[in-house]
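# Residue-level structure breakdown
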Amino acid sequence: QVQLVESGGGLVQAGGSLRLSCAASGRTFSTYAMGWFRQAPGKEREFVAAIRWSGASTVIANSAKGRFTISRDAAKNTMYLQMNSLKPEDTAIYYCASALSRDNRLSMLRIYDYWGQGTQVTVSS
């Protein structure tokens, strides 16, 4: 089992920044990749960014390119999402997830085995 805990969400004005963290515990040695997803009210959960745990290569959704950066600290078993130039449409609950299998379809929800409880990000205009 892997436990994931997100933190760092909050209320920010448009154009501002937030840094989300996702702390992993448990059987983390089996992790292949971790990702960030978000879900706005009335919408489906969507991919934001993902990172392969070994080598740290990343995949970023088009909506986040140039504004969001995903990173990880392997020693701390923690993943981060630095979000800059935030827009009201970035308002959502942000979830982190971890995948055990070596499946490179990192933008797809179904490859992820474990999910955190989410952290709310609200961007005011």
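What comes next is a walk through the structure.

## So, the sheet that holds strand 1 (residues 2-7)
Within a sheet, adjacent strands bond to each other through the backbone by hydrogen bonds, running parallel or antiparallel. Within the open sheet, the four strands sit side by side as 1-3-8-7. Their pairing is antiparallel. Looking along the sheet, the strands with just one partner apiece sit at the ends: strand 1 and strand 7 (68-73). Pairwise comparison of adjacent strand axes, ignoring direction, gives a mean angle of 15° for this sheet. Direction of pairing for strand 3 (residues 18-26) relative to strand 8 (residues 78-83): antiparallel, over a ladder of six bridges. From the neighbouring strand, S21 faces strand 8, where its bridge partner is Y80.

## Some remarks on the pairing of strand 1
Burial of the side chains of strand 1 is restricted to one face: V2, L4 and E6 are buried, whereas none of Q3, V5 and S7 on the reverse face is. Where strand 1 lies against strand 3, six bridges are found, and the strand directions are antiparallel. Looking at strand 3, one finds that L4 is bridged to A24.

## Topic: the pairing of strand 5 (residues 46-52)
Most of strand 5 sits inside the fold, with six of its seven residues counted as buried. Hairpin connection between strand 4 (residues 33-39) and strand 5: a loop of six residues separates the two successive antiparallel strands, and G42 in this loop has a positive phi of roughly 75°. As paired strands, strand 5 and strand 6 (residues 58-60) are joined by three bridges and run antiparallel to one another. Pairing of A49 across the sheet is with I60, part of strand 6. The hairpin turn running from strand 5 into strand 6, its antiparallel successor, is five residues long, and G55 in that turn takes a positive phi close to 95°.

## Observations regarding unusual backbone geometry
Note: most residues except glycine have negative phi, and most peptide bonds are trans. Its identity is not glycine, yet A56 carries a phi of approximately 65°, on the positive side. Classification of A56 as partly exposed rests on a relative accessible area of 29%. The backbone of N77 sits at a positive phi, close to 50°, despite the residue not being glycine. Positionally, N77 belongs in the loop between strand 7 and strand 8. For N77, a relative accessible area of 23% corresponds to the partly exposed category.

## Brief notes about the nonpolar core
Ranked by size, the top nonpolar core spans 28 residues in total, and within it W36, M79, L81, M83 and Y94 carry the most contacts. At the level of elements, strand 1, strand 3, strand 4, strand 5, strand 7, strand 8, strand 9 (92-99) and strand 11 (119-124) are the ones that each hand at least two residues to this core. It is strand 3 that provides the largest number of residues to this core, a total of four residues. Counting eleven residues, the second largest nonpolar core, distinct from the first, contains A33, L106, I111 and Y112.

The rules behind each value
Residues numbered from 1 in each chain as written. Predicted model: local features only at pLDDT ≥ 70, side-chain atom pairs only at ≥ 80, totals over all residues. Heavy atoms only, no water. Pairing = 2+ DSSP bridges. Helix = DSSP H or I, 4+ residues; strand = E, 2+ residues; numbered from the N terminus. Axes fitted to C-alpha atoms, helices over the stretch in contact; angles between N-to-C directions. Buried < 20%, exposed > 50% of the residue type's maximum accessible area, 1.4 Å probe, protein only. Core = buried A, V, L, I, M, F, W, Y, C linked by side-chain atoms within 4.5 Å.

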